[in-house]
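Working through the structure, step by step
Spelled out, the chains give:
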Amino acid sequence: MTALSPPPPAGPLRGADAAPQFVQRRTQEGVAVLTMAGPDGNRLGPELIAALARAFSAAWQDDGVRAVVLTARGPDFCAGAFADLPPPSPDPPQVPEGIAALADLCAKIAASPKPLVCALHGRVTSGGLALALAAQALVGDARATMHFPEPRLGRLPPGGGALRLAWRLGAEAALHLLNAPAPLSVEDPAIAPLSHLAPREGLLPAAQAFALHLARHREDIPAPYAGLEDAPAYRAALRVARAGTPRALPAHRQHESALLDVLEAAQLLPPDQALGFDLVHTQDAALTPSARAYAHLSQATRRALVTPESRATNMLSARNSPLLAALTPALAAQLVPGLLRDGVEVTLIDQSRDALAETLEAVAQEHLAMVRDGRMTQAASEQDWQRLSGRLSLDPAHPPALALASTAHLAWLGAGLPEGVEMVHWLEDGAAPQQAVSLRPAPARRARLCEIIVQEAAPALSVQRASRLAMRLKLTPLRMFERSALAQLRAAAARAEQEIQTAGAEPPLPPERMALLATINTGARLLREGVSLRPSDIDLTMVLGAGWPQWRGGPMAEGDMIGMLVLRHELRRAAAWNAELWTPDALFEELIQRGKRFSDLN
């Protein structure tokens, strides 16, 4: 990664040079700067792809342009994958139009008649990363990250991204990024050769300077196939990857084998043939039921943050609030270190000096364990500890924005809180909500889900603060009304299993189907009663909270795959066993009469 120095800043955007939609252009000293201003964090959908194609074509045909720089507005170059798949349903799948369009655009970028440099900042993900890899050179802000989420979503990277990654870096480094569960910094040693490092506040000027340099010195354009130079190492990396992949992959993992085939094609086939091979596999992967299920859950996660309370208040007002916490020592050791690491100022409070000392000691011991296990440096531990304090009574001069209490501390802490300070109840196993807003983590060793249980007339800001608190604990918040959805869904599945095991006769349908129907029927009731906001929330609840396989998409998504009429018919058959558990909920009749599916309620 090479440091670059910036030229003088470019002039202002000129409307006359702007592309018709989503892409703006300005030209200075022979460099056309194209700025993506697309929707939803510059995710590469068909409209943005078309706008980019028009903008690039105009720049390439302009005799006054010697080089091109592509950048983006907003905090991210490209925030994520474009949502191009429909929700699970019995309808025949269609290949998303954007797949071929993006592949064609990336091919044109790779063959650009003028040097093309991408200026990268924030998240550089999915189609945005494919665009960058097709360019002649990349200039990255040190804070930028790269990620292809597709391999974890049952798909292949778009735009020939896997091929170009391997062509530039080789198979081992390409697999390092392709298999990464989270975004990698542009300074990660495996992918650092991709980008030139720019000053943090001079990214765009540095990219312009580099583009002009390449226009004058074409010989300095980075080699597009440097990753193929060490052929034995390339083949060895693929052998290792194949050795770690089961020979007989289930249907929902076939894309893993296809990805290795694509990387092999990068070495064995001419570039055009390899790109065609990649496009076919990318399109095929998008047609699988598991890809639609993964896409459904990805959209469900983003959708879950939209609640009645989020519409009523500004999430910004819920951020960076000091937290007063009255917790048991075990719970404090579980929750507080993560909050401190995320920058939250936490004050632990207890009526007893000895109990407070025990709670602080529990947090300290957890910090020591994290340092000992290599999960945290000593310097980071000391820095985090500066954000933690302890008190035996409230400080009237500095009231907290939010109080968090376990069940044992609710009564005394609530009695002493000043007016305007909301308290959130952290629900341990089996505890009933006793506050307007409660947090109930999924009963798992490493919980990924936290239900935000909201009572009637709960303050919107309190709900938002509780949601923000859950996210800072690395938990996905799901808003529920008055009671837990997860508890009822798990109870229905367990009851169905018990009915089947203790019955003296064969069930009317296979046992797995009977359990699925009981879960779907319970989910329909929770929707009708308003406990859950939407079917996709129920799917997330079961996937994150009960271990439902992600590649199946969740019970309500599976219900849509079966169809409302079939579900009602099978539930009626199952109701002969247990009417309370399997009698079709009234929501089925309503959906059937309106010609709707569960996904229509999302």
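Here the structure is shown first, and the text comes after it.
Report follows, based on the coordinates. All values derive from a computational prediction rather than experimental measurement.

1. A few points about the sheet that holds strand β6 (residues 137-141)
Pairing is mixed in the open sheet, where six strands are placed in the order β1-β2-β3-β4-β6-β9. The open sheet has two edge strands with one neighbour each: β1 (23-28) and β9 (195-198). For this sheet, the mean inter-axis angle between neighbouring strands, taken without regard to orientation, is 25°. As defined by bridge partners, β6 adjoins β9 across four bridges and the pair is classed as parallel. Each residue of the ladder has a partner; that of Leu 138, found in β9, is Ser 195.

2. Section: the pattern of salt bridges
Within this structure, the stated rule accounts for 30 salt bridges. Across the salt bridge formed by Glu 309 and Arg 479, the nearest N and O atoms sit 2.9 Å from each other. Placement of Glu 309 in helix α12 (residues 308-312) and of Arg 479 in strand β17 (residues 476-481) is noted, with a sequence separation of 170 residues between them. Taking the relative accessible area as the measure of exposure, Glu 309 reaches 7% and is therefore buried. Residues joined in a network through salt bridges with shared partners are Asp 40, Arg 43 and Arg 302.

3. Quick word on the packing of helix α19 (residues 511-528) against helix α22 (residues 564-574)
Taken N-terminus to C-terminus, the directions of α19 and α22 make an angle of 110°; their axes are 10 Å apart at the nearest point. Between α19 and α22, the crossing angle belongs to the class labelled roughly perpendicular. In contact with Arg 513, Met 514, Leu 517, Ile 520 and Asn 521 of α19, α22 contributes Val 566, Leu 567, Glu 570, Leu 571 and Ala 574. Considered class by class, the residues forming the contact of α19 with α22 number seven nonpolar, one polar and two charged.

4. Details of the side chain of Ser 126
Mapped onto the elements, Ser 126 comes out in helix α4 (residues 126-134). Within the structure, the side chain of Ser 126 is placed 2.3 Å from the side chain of Glu 150, a separation counted as a polar contact. Ignoring sequence-local partners within four residues, the contact set of Ser 126 consists of Gly 80, Ala 81, His 147, Phe 148, Pro 149, Glu 150 and Pro 158.

5. A closer look at the sheet that holds strand β8 (residues 184-185)
Pairing is mixed in the open sheet, where three strands are placed in the order β5-β7-β8. Each edge of the open sheet is held by one strand with a lone partner, namely β5 (123-125) and β8. The pairing of β5 with strand β7 (residues 145-147) spans three bridges and is classified as parallel. Across the sheet, the residue bridging to Thr 125 is His 147, located in β7. Of the strands in this sheet, β5 and β7 are in contact with α4, which crosses β5 at around 85°.

6. Topic: the nonpolar core
Ranked by internal contacts, the top residues of the largest apolar core, which has 68 residues, are Leu 52, Phe 56, Leu 131 and Met 146. Ranked by the residues each element gives to this core, the list is headed by helix α2 (residues 46-61), at eight residues. If we ignore the near neighbours within four places in the chain, the residues touching Leu 52 are Val 23, Met 36, Leu 44, Leu 70, Leu 105 and Leu 131. Ranked by size, the runner-up nonpolar core spans 42 residues in total, among them Ile 500, Met 556, Met 564 and Leu 571.

7. A few points about unusual backbone geometry
Look at Asn 42: it is not a glycine, yet its phi comes out positive at around 60°. By secondary structure assignment, the location of Asn 42 is in helix α1 (residues 39-42). One non-glycine residue, Glu 482, lies in the positive phi region at around 75°. Here Glu 482 shows up in the loop between β17 and α18 (485-502). Residue classification places Glu 482 among the partly exposed residues on the basis of a relative accessible area of 35%.

8. A look at the side chain of Arg 164
With respect to the helices and strands, the residue Arg 164 is situated in helix α5 (residues 161-169). Buried within the structure, Arg 164 lacks any salt-bridge partner; Asp 278 is the closest side chain of opposite charge, at an N-O distance of 7.1 Å. A distance of 2.9 Å separates a polar atom in the side chain of Arg 164 from the backbone oxygen of Gly 159.

Definitions and cut-offs
- Residues numbered from 1 in each chain as written.
- Predicted model: local features only at pLDDT ≥ 70, side-chain atom pairs only at ≥ 80, totals over all residues.
- Heavy atoms only, no water.
- Pairing = 2+ DSSP bridges.
- Helix = DSSP H or I, 4+ residues; strand = E, 2+ residues; numbered from the N terminus.
- Axes fitted to C-alpha atoms, helices over the stretch in contact; angles between N-to-C directions.
- Salt bridge = Lys/Arg side-chain N within 4 Å of Asp/Glu carboxyl O.
- Buried < 20%, exposed > 50% of the residue type's maximum accessible area, 1.4 Å probe, protein only.
- Parallel < 35°, antiparallel > 145°, perpendicular 65-115°, else oblique.
- Contact = heavy atoms within 4.5 Å.
- Nonpolar A, V, L, I, M, F, W, Y, C, P; charged D, E, K, R; others polar.
- Polar contact = N/O pair within 3.5 Å; in protein donor to acceptor, adjacent residues only side chain to side chain.
- Core = buried A, V, L, I, M, F, W, Y, C linked by side-chain atoms within 4.5 Å.
- Lys, Arg positive; Asp, Glu negative; His and termini not counted.

That's the geometry; what it means functionally is another story.
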